[in-house]
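Coordinate analysis (summary)
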Amino acid sequence: MAKTTIIHKTELPDFLPHGWKKEVSIALGIHVNTVTNALKSRKGDTYERIKQVAIVKWGEMK
């Protein structure tokens, strides 16, 4: 029997807490400057991974 998964839509809050880049970089195992550079470029695989970690940690249900 197939298992059904329910996907909840979440979005990032308007303001993230102080130190969120450091927490995301530790979770992904990358440098903090990599997070900053990926946010500036707004594209790429690293940017998508950063977004997903931030949504999981601080996302708001919509």
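Residues numbered from 1 in each chain as written. Predicted model: local features only at pLDDT ≥ 70, side-chain atom pairs only at ≥ 80, totals over all residues. Heavy atoms only, no water.

1. Brief notes about helix α3 (residues 45-58)
The end-to-end C-alpha separation of α3 is 20 Å, in line with the 20 Å expected for 14 residues at 1.5 Å each. When α3 is considered as a whole, its buried residues turn out to be Tyr47, Ile50, Val53, Ala54, Ile55 and Trp58. (Helix = DSSP H or I, 4+ residues; strand = E, 2+ residues; numbered from the N terminus. Expected span 1.5 Å × (residues − 1). Buried < 20%, exposed > 50% of the residue type's maximum accessible area, 1.4 Å probe, protein only.)

2. Comments concerning the confidence of the model for the protein
In the predicted model, the protein carries a mean pLDDT of 87, and the fraction of residues at 70 or more is 92%. The element-level mean pLDDT for the protein is lowest in strand β2 (residues 60-61), coming to 71, with helix α1 (residues 20-28) highest at 95. (pLDDT = per-residue confidence, 0-100.)

3. Comments concerning the pattern of salt bridges
If you walk through the whole model with that rule in mind, you get 2 salt bridges. A salt bridge links Glu48 to Lys51; the shortest N-O distance between them is 3.5 Å. With a gap of 3 residues between them, Glu48 and Lys51 both fall in helix α3, about one helical turn apart. Take Glu48: its relative accessible area is 36%, and that puts it in the partly exposed class. Given the relative accessible area of 27%, Lys51 is considered partly exposed. (Salt bridge = Lys/Arg side-chain N within 4 Å of Asp/Glu carboxyl O.)

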